Amino acid sequence: MSADNALTLEQKQAGIFTVSASPHMLSNESIPKIMWTVVIALLPAVIFGMVIFGGGAVQTVLLCVISAMVFEAMVLKIRKRRICINDGSAFLTGLLLAMCLPADVPFYLPIVGSFIAIVVAKHSMGGLGYNIFNPAHVGRAALVLSWPVAMTTWTPMTYSVDTVSSATPLGVLKLQGYDAVVQMFGGQADMYKDLFFGFRGGCLGETSVLLLVLGGIFLIYKGYIDWVVPVTMIGTVGVLTWAFGGSVGLFSGDPLFHMMAGGLIIGAFFMATDMVTSPITKKGKIIFAFGCGAITVLIRLIGGYPEGVCYSILLMNSVTPLIDRLCKVPSQKRRVA
Amino acid sequence: MANLWKIFSKGIIQENPIFVLALSLCPAVAVSTTVVNAAAMGLAVMIVISANNISVSLIRKLVNPKVRVPVYIISIATIVTVIELTLKAFAPLIYKDLGVYLQLVVVFAIILARAEVFASKNRVIPSFFDGFGMGFGFFTAMIFIGVIRELFGNGTILGFSVFGSSYPPALIMILPAGGFILIGYLVGVYKIWNERIEKRSGAR
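Residues numbered from 1 in each chain as written. Chains lettered and ligands numbered in written order. Predicted model: local features only at pLDDT ≥ 70, side-chain atom pairs only at ≥ 80, totals over all residues. Heavy atoms only, no water.

### Describing the overall build of chain A
- Looking only at helices and strands, one finds 18 helices and 0 strands in chain A.
- Here chain A holds 337 residues, and 55% of them are scored as buried.
- Long-range pairs, those at least 24 residues apart, make up 73% of the contacts in chain A with a sequence separation of at least 6.
- Split by element, the accessible area of chain A, about 15200 Å² in all, is 69% carbon and sulfur. (Helix = DSSP H or I, 4+ residues; strand = E, 2+ residues; numbered from the N terminus. Buried < 20%, exposed > 50% of the residue type's maximum accessible area, 1.4 Å probe, protein only. Contact = heavy atoms within 4.5 Å. Areas by Shrake-Rupley, 256 points an atom, 1.4 Å probe, with all protein chains shown as cover.)

### Here we look at the overall build of chain B
- Within chain B one finds 9 helices and 2 strands.
- Computed over its C-alpha atoms, the radius of gyration of chain B comes to 18 Å, within 12% of the 17 Å expected for a compact globule of 204 residues.
- Its C-alpha atoms put chain B at 60 × 50 × 30 Å along the principal axes.
- Burial statistics for chain B: of 204 residues in total, 42% are counted as buried.
- In chain B, once contacts between residues fewer than 6 apart in sequence are set aside, the share between residues at least 24 apart is 75%.
- About 10700 Å² of surface is accessible on chain B, with carbon and sulfur atoms providing 71% of the total.
- Of the side-chain charges in chain B, 17 are positive and 8 negative, and the distance between the mean point of each set is 8 Å. (Rg over C-alpha atoms; globule rule 2.2 N^0.38 Å. Lys, Arg positive; Asp, Glu negative; His and termini not counted. Charge placed at Lys NZ, Arg CZ, Asp CG, Glu CD.)

### With respect to the interface of chain A and chain B
- Facing the 9 residues of chain A at the interface are 9 residues of chain B.
- With both chains or domains summed, chain A and chain B bury close to 670 Å², and 68% of this area falls on carbon and sulfur atoms.
- Summed over the three residues of chain A that lose the most area to chain B, namely Leu145(A), Ser146(A) and Trp147(A), the buried surface amounts to 59% of that side.
- Counting the contacts that link chain A with chain B gives 0 salt bridges.
- Of the residues in the side of chain A that touches chain B, the class split is 7 nonpolar, 2 polar and no charged. (Buried area = accessible area lost by both parts, 1.4 Å probe. Salt bridge = Lys/Arg side-chain N within 4 Å of Asp/Glu carboxyl O. Nonpolar A, V, L, I, M, F, W, Y, C, P; charged D, E, K, R; others polar.)

### Brief notes about helix H16 (residues 309-318) of chain A
Residue and element names in this part refer to chain A.
- Along H16, 7 of the 10 residues are buried, which leaves the element largely enclosed by surrounding structure.
- If you check which residues of H16 are buried, you get Val309, Cys310, Ser312, Ile313, Leu314, Met316 and Asn317.
- Check the buried side of H16 and you find it contacts helix H6 (135-146), helix H12 (228-244), helix H14 (264-271), helix H15 (282-301) and helix H17 (320-326).

### Re the pattern of salt bridges
- The final tally for this structure, using the stated rule, is 9 salt bridges over all chains.
- The partner of Arg300(A) in a salt bridge is Glu307(A), with the nearest N and O atoms 2.7 Å apart. For the pair shown, Arg300(A) and Glu307(A) are each scored as buried.
- Note that Glu116(B) is salt-bridged to Arg68(B), the shortest N-O span being 2.7 Å. Of this pair, Glu116(B) sits in helix H7 (residues 109-119) while Arg68(B) sits in helix H4 (residues 68-90), and the two are 48 residues apart along the sequence.
- Owing to a relative accessible area of 31%, Arg68(B) belongs among the partly exposed residues under this scheme.
- One network of salt bridges, with partners in common, ties together Asp226(A), Lys282(A) and Lys285(A).

### Notes on H12(A)
- Taking 1.5 Å of rise per residue, the 17 residues of H12(A) would be expected to cover 24 Å, and the 23 Å separating its terminal C-alpha atoms lies within 8% of that figure.
- Contacts made by the buried residues of H12(A) are with helix H13 (255-260), H14, H15 and H16 of chain A. (Expected span 1.5 Å × (residues − 1).)

### Structural notes on the domain arrangement of chain A
All names here are of chain A.
- In terms of domains, chain A is made up of domain 1 (22-151) and domain 2 (169-326).
- Inter-centroid distance (C-alpha atoms) of domain 1 to domain 2 is 21 Å.
- On the side of domain 2, 35 residues touch domain 1, which itself brings 38 residues to the contact.
- When domain 1 packs against domain 2, close to 3000 Å² is buried across both sides, 75% of that on carbon and sulfur atoms.
- Counting only elements with at least two residues in the side of domain 1 that touches domain 2, the list comes to helix H2 (31-53), helix H3 (55-78), helix H4 (89-99) and H6.
- Per-class residue counts for the side of domain 1 that touches domain 2 are 26 nonpolar, 9 polar and 3 charged. (Domains from an automatic or database assignment.)

### Digging into the nonpolar core
- Within the largest apolar cluster, 133 residues are counted, with the highest numbers of intra-cluster contacts made by Leu95(A), Met233(A), Phe270(A) and Ile18(B).
- Per-element accounting of this core gives the leading share, 12 residues, to H2(A).
- In this view, Phe270(A) contacts Val38(A), Ala41(A), Leu42(A), Leu96(A), Leu212(A), Gly215(A), Gly216(A) and Leu219(A); residues no more than four positions away in its chain are not counted. (Core = buried A, V, L, I, M, F, W, Y, C linked by side-chain atoms within 4.5 Å.)

### Quick notes on the packing of H4(A) against helix H5 (residues 108-123) of chain A
Residue and element names in this part refer to chain A.
- At a minimum axis separation of 10 Å, H4 and H5 run at an interaxial angle of 130°. When the interaxial angle is binned, H4 and H5 end up oblique. Read as a crossing pair, H4 and H5 show a hand that is right-handed. Residues Ser89, Ala90, Thr93 and Leu97 of H4 touch H5, and the partners they reach there are Pro110, Gly113, Ser114, Ala117, Ile118 and Lys122. (Axes fitted to C-alpha atoms, helices over the stretch in contact; angles between N-to-C directions. Parallel < 35°, antiparallel > 145°, perpendicular 65-115°, else oblique. Left-handed = near helix turned anticlockwise from the far one by under 90°.)

### Thoughts on unusual backbone geometry
Residue and element names in this part refer to chain B.
- Unusually for a residue other than glycine, Ala22 sits at a positive phi of about 55°.
- Considering the arrangement of structural elements, one finds Ala22 in the loop between helix H1 (2-9) and helix H2 (25-31).
- Phi is positive for Ser24, which is not a glycine, with a value near 55°.
- Examined against the element boundaries, Ser24 turns out to sit in the loop between H1 and H2.

### A look at a nonpolar patch on the surface
- A surface patch of nonpolar side chains, amounting to about 430 Å² of accessible area, comprises Val58(A), Leu62(A), Ile66(A), Val70(A) and Met74(A).
- Since its relative accessible area comes to 49%, Leu62(A) is described here as partly exposed. (Patch = residues over 30% accessible without salt bridge, like charges linked within 9 Å, V, L, I, M, F, W, Y side chains within 5 Å.)

### Overview of the confidence of the model for chain A
- On average, residues of chain A carry a pLDDT of 85, and 86% of them reach 70 or more.
- Here residues 10-15 of chain A is modelled with pLDDT under 50, and outside its nearest four sequence neighbours on either side it reaches 4 contacts, counting other chains as well. (pLDDT = per-residue confidence, 0-100.)

### Thoughts on the packing of aromatic side chains
- Enumeration according to the criterion identifies 21 aromatic pairs over all chains in this entry.
- Site record: aromatic cluster; members linked through ring pairs are Trp5(B), Phe8(B), Phe128(B), Phe129(B), Phe132(B), Phe136(B) and Phe139(B). (Phe/Tyr/Trp six-rings, centres within 6.5 Å; stacked < 30°, edge-to-face > 60°.)

### As for the packing of helix H11 (residues 209-222) of chain A against H14(A)
Residue and element names in this part refer to chain A.
- Packing of H11 against H14 leaves a shortest axis separation of 10 Å and a crossing angle of 15°. Judged by the angle between their axes, H11 and H14 are roughly parallel. As for the relative orientation of H11 and H14, their crossing is left-handed in sense. Along its contact with H11, which presents Val209, Leu212, Val213, Gly215, Gly216, Leu219 and Ile220, the element H14 presents Ile265, Ile266, Phe269 and Phe270.
- Taken together, the residues of the contact of H11 with H14 sort by class into 9 nonpolar, 2 polar and no charged.

Quick look at the structure:
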C-alpha cells in the first residue's frame, strides 16, 4: 500500500508519467491479501520439511520469520514510516529464506540472513516495491559466501524411507556422477518417487516437489502468479539438461531428475514469479524465465556449484529493467515515441 | 595558513577520494581485507600523490599541454618504482600481499586527477598540501574500510583476536562482494555527513 502511495508521489514530483518499476496496476487485491495467500501456499512444504528434518527445521523457520519481522519493524521505525509488519511481506521473505537454508544451521545464520534480506536487499533499495533483487535470495547468497561449510552441511532425514545419506542429489551428481545418484536412491524408479514426494537431503523447504507444485497451482488459480514463468523455467531446464546433461553425447541426459532436484521447483514457482523483481509483460516473463532456466543449467552442468537456481534468479533480476524496456506495452511505447 | 589548511582538509571529508569522488575503488576493494595491507596501500598512495603533485607543479610551465599526460605518468611511475623497491627490500610480506595493485598505483585515477586539476595550475606549496590532503583522505578511508572488513571477516584487528575463537568469521566481508556493499553504505554515510556540514555552514 505504502509503495503505491510513494510511487504516485514520485510521479507527481517528476511532473510526468515515467516508465517505472512495478507494481503498476491497481486492483482490488491488496498487498496483505496476496502476501498471506502466498504464505498459505508455502505452508504445506514448510511443514513437510519440519516433519522430515525435525526440530532444527522448526528453529530455523522461527528464527528467520521472527528476525525478519523484527528487522522490518526496526527499519520502518528508523525510516519514519508506518509500521505495517502485519502486511506479511517480511513474514514471507523470512519464510522463503528459511526454505532455502539447510535445516540445522547455527542460530546466527537465519538472523544474519534476515538482516541482509530485509535491511540490505529490501530497504536500502527503497523498501517494498523498489528492491531490485529478490530479498530472500540475496540473504541466501550472502550466507553461502560467508559460511560455506555451514550452508552445505545437510541434515539427515529423521523420517527416512530408504535413503540414509544426507547428501543432496545434486551434490552427489557434481562430485560422483549420475550413477552414484541412482545408486544412492536404490534404483531409478525409486529416485523419481523420492524426489517427487520429497524424501531426500536438501534445504528444508525445497524437497517436496508434490507440495510445492500444489501450492504453485493454487497461486496460479488465484491469479497471483503467471503460469508461463514456472513452465518456461522448468521446461528450459528440462530441455537443456536432456540435451547437454548426459555423458554419452547429445540428448542422453536425465531431464526428470534435473527438473525435480535442488531448488528449481520452489525457485520457479515462488521466486522467479516475485511481482517486484520480475518483468511485467508476458513476453518479458518468458524471456526472464528462459534466462533463469538457462543459467541454472549452466551452473549445474559446468559451474563450480552443484545448484544454480539462486544465482540464476539473482542474475536475471538485475536485467529485469532491461527486459521491461524491451517488452513495453503498446501504450507506453506510444508515449515514449 | 588558513588557506593551506582548507586545501589540506577538503580531501578528508568533503572531497574524500573514495567516498565522495568514488575514484580508485578497485584497489580500495582489493587490498583492504586487512588493516595492515590497507594502511600500507594508503601510505604508498599518500606518498606518491604528494611527491607527484610537487614534481608536476615544479615543471608545470615547461610541459607542452599536448603531452602532459605521458609526462605525468612518467613522473608517477618513477615515484611508484622507488616505493615498490623500498617495500620489496624492507617489507617483503606486505609487498607480496599488495601484489599487482602496488604497480597499478601508476594509473590510479585520483593521482592523475590531482595532477591535472590542481598541481598543473598551482604553486608548489599548495600543490603539496592538496596531494597530502587527498592522500590522507585515501589513507583514512582505507583504514576505515580495512578495520571493518578485518573485524567482521576475520574476527581480528591488526591480527589480534577481538571476538575470541568462538566467533565464526563472515567470509563475505573479505570477499569483493562484501567490500562493495560496505563501501556503498560508507558512501551513504559520507553523503549524509556532508549534507549536514553544508546545512550548518549555510545557516551560519
